[in-house]
Amino acid sequence: MEHPALQILNDNRIMSIATVRPDGWPQSTIVGYANEGWRLYFLIYRTSQKFQNISQDDRISVAIGHEPSQLREIKAVYAGCNAREVTDTRERSHAWQLLAERHPNLTDLAPPQKDEVATMVAECRYVSVLDYSQGLGHTESLTVQASS
């Protein structure tokens, strides 16, 4: 049986990502993503503050969910992750395929040029699942082992 957090990751397409700025302040933005299990792929411009922040500190925090019609339908995932740029050509191609499947609007574009856009992967480490269907405020936490 699939973990409830993975179902939430599979059911959504947009995540909030928080990085640490050089001055220590958090910076939060929104990006589209595609996941493969606990691995979250996303694209960011090399000129962005997000890219600079991740280059200095690979720890990020993500929040994923959607607005339900009823309070008891709230389900979300919050995760502390380590992020890095995907440099392997095969993995970059695979990430692009996953992103294009999840975000059909990307198919009008060519795969991003490596010198302008970085393909990133975030490995979820510390995960919390919010599930109000099991009671208001219900959360569960888990630690995901690093993949080899």
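Residues numbered from 1 in each chain as written. Predicted model: local features only at pLDDT ≥ 70, side-chain atom pairs only at ≥ 80, totals over all residues. Heavy atoms only, no water.

**What to know about empty space enclosed by the protein**
Counted by the stated rule, this structure contains one cavity of 30 Å³ or more. Considering only enclosed or pocket space, the largest cavity measures out at about 40 Å³ in volume. If you trace the largest cavity, you find it lined by His3, Pro4, Val129, Asp131, Gln134, His138 and Glu140. Grouping the constituent residues of the lining of the largest cavity by class yields two nonpolar, three polar and two charged. (1 Å grid on protein atoms, 1.4 Å probe; cavity = no way out; pocket = protein on both sides within 12 Å on 5 of 7 lines; lining within 4 Å. Points joined across faces, edges and corners; volume = space filled by probe spheres on them. Nonpolar A, V, L, I, M, F, W, Y, C, P; charged D, E, K, R; others polar.)

**Points about the confidence of the model for the protein chain**
The pLDDT averaged across the protein chain works out to 90; a share of 95% of its residues lies at or above 70. Averaged pLDDT values for the elements of the protein chain fall to 78 in strand β8 (residues 139-143) and rise to 97 in strand β1 (residues 14-20). (pLDDT = per-residue confidence, 0-100. Helix = DSSP H or I, 4+ residues; strand = E, 2+ residues; numbered from the N terminus.)

**Topic: helix α1 (residues 4-11)**
All of the buried residues along α1 are Ala5, Leu6, Ile8 and Leu9. Taken down its axis, α1 places every buried residue within 160° of arc, on the same side. The inward-facing, buried residues of α1 contact β3 (34-36), β4 (39-45), β5 (59-65), β6 (75-85), α3 (89-102) and β7 (117-131). (Buried < 20%, exposed > 50% of the residue type's maximum accessible area, 1.4 Å probe, protein only. Arc of directions from axis to C-beta. Contact = heavy atoms within 4.5 Å.)

**Structural notes on the pattern of salt bridges**
Should the charged atoms of two oppositely charged side chains come close, the side chains can pair. In the structure shown here, the tally under the stated rule is six salt bridges. Arg84 is the salt-bridge partner of Glu91, the closest N and O atoms lying 3.5 Å from each other. Residue classification places Glu91 among the buried positions, given a relative accessible area of 16%. When salt bridges that share partners are traced, they join Arg39, Arg84, Glu91 and Glu123 into one network. (Salt bridge = Lys/Arg side-chain N within 4 Å of Asp/Glu carboxyl O.)

**Description of α3**
In this model, α3 (14 residues) spans 20 Å end to end at C-alpha, consistent with the 20 Å of a helix rising 1.5 Å per residue. Residues of α3 that are buried: Glu91, Arg92, Ala95, Trp96, Leu98, Leu99, Ala100 and Arg102. (Expected span 1.5 Å × (residues − 1).)

**Considerations on the nonpolar core**
Leu40, Phe42, Ile60, Val62 and Val127 are the most contacted members of the largest nonpolar core, which totals 28 residues. Ranked by the residues each element gives to this core, the list is headed by β7, at six residues. If we ignore the near neighbours within four places in the chain, the residues touching Ile60 are Ile17, Ala18, Thr19, Phe42, Ile54, Ala79, Gly80, Cys81, Ala83 and Ala122. (Core = buried A, V, L, I, M, F, W, Y, C linked by side-chain atoms within 4.5 Å.)

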